[in-house]
Amino acid sequence: IASMTAGMSKSVYFLRYLFLLLRTRSATCSSFQAISSQSEIAQDVGWEFTDGLEGWASATRTEMKVSTLSHHPSGELRMSFASSAGGGGKQRPHFDSPWLDIPIRERQTVAMRYRYVGDGTRGKVRLRLGSSDDDGVLVDHGFADWGSEDGSDENGNFLNVLFPVVGGGRWEVTYAHIDKVGDGRTMKVEREGNVTQMRIYPVTSDTPASAQLGHAFHVDWIRLLRGPVIHRVTGCSGEQYDFGPKFDNPYPRVNMVSSLASTFLTQRRTFWDRTGNDTYARVYNCWREGGERISIEGLNFGAGIRTLARVFIDGEACRFVSHDEDVTQERVTCVTPPQQIEGRAEVGAGQGLFVGVTLQNGDLPGLSDTVEYLQYAVPLPHPEDFKISNIAAR
């Protein structure tokens, strides 16, 4: 009996060891694996901190300017600041990611769920850029010093992206848009190479007091995602196409079908041809009272794990949103709202102009895109200086 008990104990220890080994292996792989197609969010990499720090914050606390840094069993990275680093190029509290090898793609965004107790209003993600060889081995990935937080980058090895923070101690989600530009549209980052590492400054140089001793910053998850990109809006009675997003040379594209109605009568029908290679499309002459089902096409629409994408036309919700069953990330349809003319500066203002079409990710509304690709029908102008006379009476 004793020998049997000892054998069973060894088996239990072996199984427990095997379980922990597989769990660690699975957690490590999941941290660096693109999210599956079933969850319908375009994610390049993500960390949930359910299995320790998962490669983050491996430097010393002195170097990171933090007094405490730990992993909470609930799945959080927790830190408190060690000093109030001022200006003049001094480092502020920060923590680094593990080594990566992720190509820079259109609409990439660093999203982070956090809570912060402090006085700062913005933080910063500093991306280290590099490349890999044919075998996937990192080369030219900048093992040099990160440099000053506020220092310039003459060699193009780093890219700085700001994000807002709120210091009320509540859970918030913030976004650092890697390729956001000032006019509200986003475009590809004009940088070559891959993201090989990220350094996150929870707060940056708003004021000298923005990173005070004892201020706390907790992180629930960090994800590198891709936001929506709208290419086409179709469905109304008028459509225009172009090869560029600004529609410098818009043109209609129609097909005609002829059929014999009788021996002497030919019937012809025209319809919009959507089979061409032109990437961009917009609609006009949409019903002012709304009620038309339009189609929106593009990339990274994200059906959401719990919710559908949200669509707005000129700030008003587009109803009955539906994702295409075959290409949920690339096509949605919805029913247009009535044209909004109340609150305009004058009667008729805004008529004849293309209005904004906005698509938001259902789970993360900070991932969105807006294009002015829809125009409501323009009413006929009032006649001016016309005369009516009875010609027969003359």
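Attention in this report is confined to the structure presented alongside it. Since this is a predicted model, take the numbers as computed values, not measurements. (Residues numbered from 1 in each chain as written. Predicted model: local features only at pLDDT ≥ 70, side-chain atom pairs only at ≥ 80, totals over all residues. Heavy atoms only, no water.)

## Examining the state of the cysteines
Next, step 1: For the coordinates displayed, the defined rule picks out 2 disulfides.
Next, step 2: Note on cysteine connectivity: Cys236 is disulfide-linked to Cys286, with sulfurs 2.0 Å apart. Because the sign of the S-S torsion sets the handedness, a value of about 105 degrees for the bond joining Cys236 and Cys286 places this disulfide among the right-handed ones. Here Cys286 lies in strand E17 (residues 280–286) and Cys236 lies in the loop between strand E13 (229–234) and strand E14 (238–242), a separation of 50 residues in the sequence. The two residues Cys236 and Cys286 agree in class, both being buried.
Next, step 3: One disulfide in the model links Cys318 with Cys334; its S-S distance is 2.1 Å. Of note, the bridge from Cys318 to Cys334 carries an S-S torsion of about 85 degrees and is right-handed in sense. With a gap of 16 residues between them, Cys318 in the loop between strand E20 (316–317) and strand E21 (319–323) and Cys334 in strand E22 (residues 331–335) connect regions that are remote in the sequence. Across this residue pair, the class does not change: Cys318 and Cys334 are buried.
Next, step 4: Look at the protein and number its bonded cysteines as they come in the sequence; the links are 1-2, 3-4. (Disulfide = S-S within 2.5 Å. Helix = DSSP H or I, 4+ residues; strand = E, 2+ residues; numbered from the N terminus. Buried < 20%, exposed > 50% of the residue type's maximum accessible area, 1.4 Å probe, protein only.)

## What about the nonpolar core?
Next, step 1: In this structure, Trp56, Phe95, Leu127, Met198 and Ile222 are the most contacted members of the largest nonpolar core, which totals 36 residues.
Next, step 2: Only strand E1 (43–47), strand E2 (66–72), strand E3 (76–81), strand E6 (108–117), strand E7 (122–132), strand E9 (158–164), strand E11 (194–201) and strand E12 (216–226) provide two or more residues apiece to this core.
Next, step 3: Ignoring anything within four residues of it in the chain, the contact list for Ile222 reads Val45, Gly46, Trp47, Phe49, Trp56, Phe95, Val110, Ala111, Met112 and Ile200.
Next, step 4: In this structure, Ile294, Ile313, Cys318 and Leu359 belong to the second largest nonpolar core, which totals 24 residues. (Core = buried A, V, L, I, M, F, W, Y, C linked by side-chain atoms within 4.5 Å. Contact = heavy atoms within 4.5 Å.)

Keep in mind that these numbers describe shape and distance, not what the molecule does.
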